[in-house]
Amino acid sequence: MNKSRFIFYLLISFFLGLIEFLNDLEDENASEAFEFVPVIIPFSFVIILTIYYSRFYVLKHPLFTKYIKNKNPIITWVFYIVFILIETLILTTVISVLGYFFGEDKMETGVTSLFYWISFTVIISLILFVYMMELFLDTESKKKEIEIKLSKIENESTRAKYLSLKKQLNPHFLFNSFNSLSALINIDVNKADQFLLELSNVYRYNLDHSEELVVPLNKELELIKSYMALQTIRFKESIHINYLIDKSKFSYLLPPMTLELLIENAIKHNIIEKKTPLNITIATIDNYIVVENNYQPRANPVNKYESHGIGLKNLKNQYELIYNEMPSFEVVDKKYIAKIPLLTPNL
């Protein structure tokens, strides 16, 4: 229980003590009416704390979270009602026993007594009040968490757009693309036209999907085919790509430009020569997209001082905000393997 809740429930206890004082004041003088107030306040506070912590521990218990919560709304509400009634009966019985031993002249406190049912009414009112208050506070807390999370998602999305645009407009990419286009114009006009078409596809994808949080896998693959068409013209037989994609995963989602980022990193950081070609495989395994390439790192990677893993870090940040599982990157048996979770379309 945090400090604000503690103070709030303590004030409620003082309020109950005040009600008791004003009620007794109608038939007694001030000193006699005040006699039970020092007992009512701490006793009420103990009751409220008991209600709070019993609710807290029961609703956080694995049996509730695993077998009852979110399974079926009707079952959940039935559980709440039964639990509240049981808690009310237990606390009412405790108060009745205390009233019998410490009340005036062994007052009647049995189930048929007025004292029992007054206690029952007070206790169930307190329980409902605490439950409604906690529900309200939990809802407000979740709203704030969602607002903070949405703000972070927006910031990461904006950052991803900036990095993606910067990457596509960086002089290295443009220089290499225009060099390849210039060479093709003098050799094969048809190939030059195809190259220009694929280059426009890459930029169009960036413009069309830069505002989206996630995109379908099939859209990402369309981008990669255009992107790899450019790289194949540039590197010729020194680069190869293999697709092992389950078509049933086409509608699954991932952040835009994810595959392009991974392939660009492979090209940027690995040797690409005719004798040692770069072999890239994109495959779906369960609910993951796996991008794998033979690991043959350059002595001096292209843009070494510009990268610093910013793209991969940004990708991890995006997954941290939109999903409960993170991408993984590792080198196994001289192969660099990037494993990216796919989000199911109904999320």
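Basis of the calculations
- Residues numbered from 1 in each chain as written.
- Predicted model: local features only at pLDDT ≥ 70, side-chain atom pairs only at ≥ 80, totals over all residues.
- Heavy atoms only, no water.
- Axes fitted to C-alpha atoms, helices over the stretch in contact; angles between N-to-C directions.
- Helix = DSSP H or I, 4+ residues; strand = E, 2+ residues; numbered from the N terminus.
- Parallel < 35°, antiparallel > 145°, perpendicular 65-115°, else oblique.
- Left-handed = near helix turned anticlockwise from the far one by under 90°.
- Contact = heavy atoms within 4.5 Å.
- Nonpolar A, V, L, I, M, F, W, Y, C, P; charged D, E, K, R; others polar.
- Expected span 1.5 Å × (residues − 1).
- Buried < 20%, exposed > 50% of the residue type's maximum accessible area, 1.4 Å probe, protein only.
- Arc of directions from axis to C-beta.
- Polar contact = N/O pair within 3.5 Å; in protein donor to acceptor, adjacent residues only side chain to side chain.
- Phe/Tyr/Trp six-rings, centres within 6.5 Å; stacked < 30°, edge-to-face > 60°.
- Lys NZ or Arg CZ within 6 Å of the ring centre and 35° of its normal.
- Pairing = 2+ DSSP bridges.
- Salt bridge = Lys/Arg side-chain N within 4 Å of Asp/Glu carboxyl O.

(A) How the structure looks around the packing of helix α9 (residues 217-235) against helix α10 (residues 258-269). One can describe the packing of α9 onto α10 by two numbers: an axis separation of 8 Å at closest approach and a directional angle of 25°. Between α9 and α10, the angle is such that the two are roughly parallel. For the crossing formed where α9 meets α10, the hand is right-handed. Each of Leu-217, Glu-220, Leu-221, Leu-223, Ile-224, Tyr-227, Met-228, Gln-231 and Phe-235 in α9 lies in contact with α10, whose residues at this interface are Thr-258, Leu-259, Glu-260, Ile-263, Glu-264 and Ile-267. Of the residues contributing to the contact of α9 with α10, the split by class is ten nonpolar, two polar and three charged.

(B) Quick look at unusual backbone geometry. Although it is not a glycine, Met-257 sits at a positive phi angle of roughly 70°. Looking at the element boundaries, Met-257 is found in the loop between β3 (253-254) and α10.

(C) Examining helix α8 (residues 189-209) more closely. Its 21 residues place the ends of α8 30 Å apart at the C-alpha level, agreeing with the 30 Å of an ideal helix rising 1.5 Å per residue. Listed as buried for α8 are Ala-192, Phe-195, Glu-198, Leu-199, Val-202, Tyr-205, Asn-206 and His-209. All buried residues of α8 fall inside an arc of 160° around its axis, so they share one side. Exposed residues on α8 whose side chains face more than 90 degrees from its buried face are Val-189, Asn-190 and Leu-207.

(D) Just the side chain of Gln-296, in detail. Among the secondary structure elements, Gln-296 is positioned in the loop between β5 (288-294) and α11 (304-307). Under the relative-accessibility criterion, Gln-296 is labelled buried at 16%. From its side chain, Gln-296 meets the backbone oxygen of Thr-276 in a polar contact 2.9 Å long. Aside from chain neighbours lying at most four places away, what touches Gln-296 is His-269, Asn-270, Ile-271, Thr-276, Pro-277 and Leu-278.

(E) Broad picture of the packing of aromatic side chains. A complete count under the given rule lists eight aromatic pairs for this structure. Each ring, one from Phe-56 and one from Tyr-57, has its centre 5.3 Å from the other, and the planes form 80°; the classification is edge-to-face. An aromatic cluster of at least three residues, connected via ring pairs, comprises Tyr-9, Tyr-52, Tyr-53, Phe-56 and Tyr-57. Sitting over the face of the ring of Tyr-243, Lys-225 holds its NZ or CZ atom 5.6 Å from the ring centroid. Here the basic side chain of Lys-339 rests over the ring of Tyr-288, its NZ or CZ set 4.4 Å away from the ring centre.

(F) Main features of helix α3 (residues 37-60). Given a rise of 1.5 Å per residue, 24 residues ought to cover 34 Å, and the 34 Å separating the end C-alpha atoms of α3 matches this to within 8%. Looking at α3, one finds that the buried residues are Val-37, Ile-41, Ser-44, Phe-45, Ile-47, Ile-48, Leu-49, Ile-51, Tyr-52, Arg-55 and Leu-59.

(G) View of the sheet that holds strand β4 (residues 278-285). Taken together, five strands build an open sheet; the order of strands is β2-β4-β5-β7-β6 and the sheet is mixed. Both edges of this open sheet fall to β2 (239-244) and β6 (328-332), since each of them pairs with a single strand only. Direction aside, the axes of adjacent strands within the sheet are offset by 15° on average. One ladder, built from seven bridges, connects β5 with strand β7 (residues 335-341); its direction is antiparallel. Looking at β7, one finds that Glu-292 is bridged to Ile-337.

(H) Seen up close, the environment of Thr-65. Tracing the backbone through its elements, the reader meets Thr-65 in helix α4 (residues 62-67). On the basis of relative accessibility, which here comes to 38%, the residue Thr-65 falls in the partly exposed class. In this structure, Thr-65 is in contact with Leu-59 and Lys-60, ignoring residues within four places of it in sequence.

(I) Fine view of the pattern of salt bridges. The final tally for this structure, using the stated rule, is two salt bridges. When the shortest N-O distance is used, the salt bridge between Lys-335 and Glu-292 registers 3.3 Å. Residue Lys-335 is located in strand β7, and its partner Glu-292 is located in strand β5; the two are separated by 43 residues in the primary sequence. Residue classification places Lys-335 among the partly exposed positions, given a relative accessible area of 38%. Under the relative-accessibility criterion, Glu-292 is labelled partly exposed at 24%.

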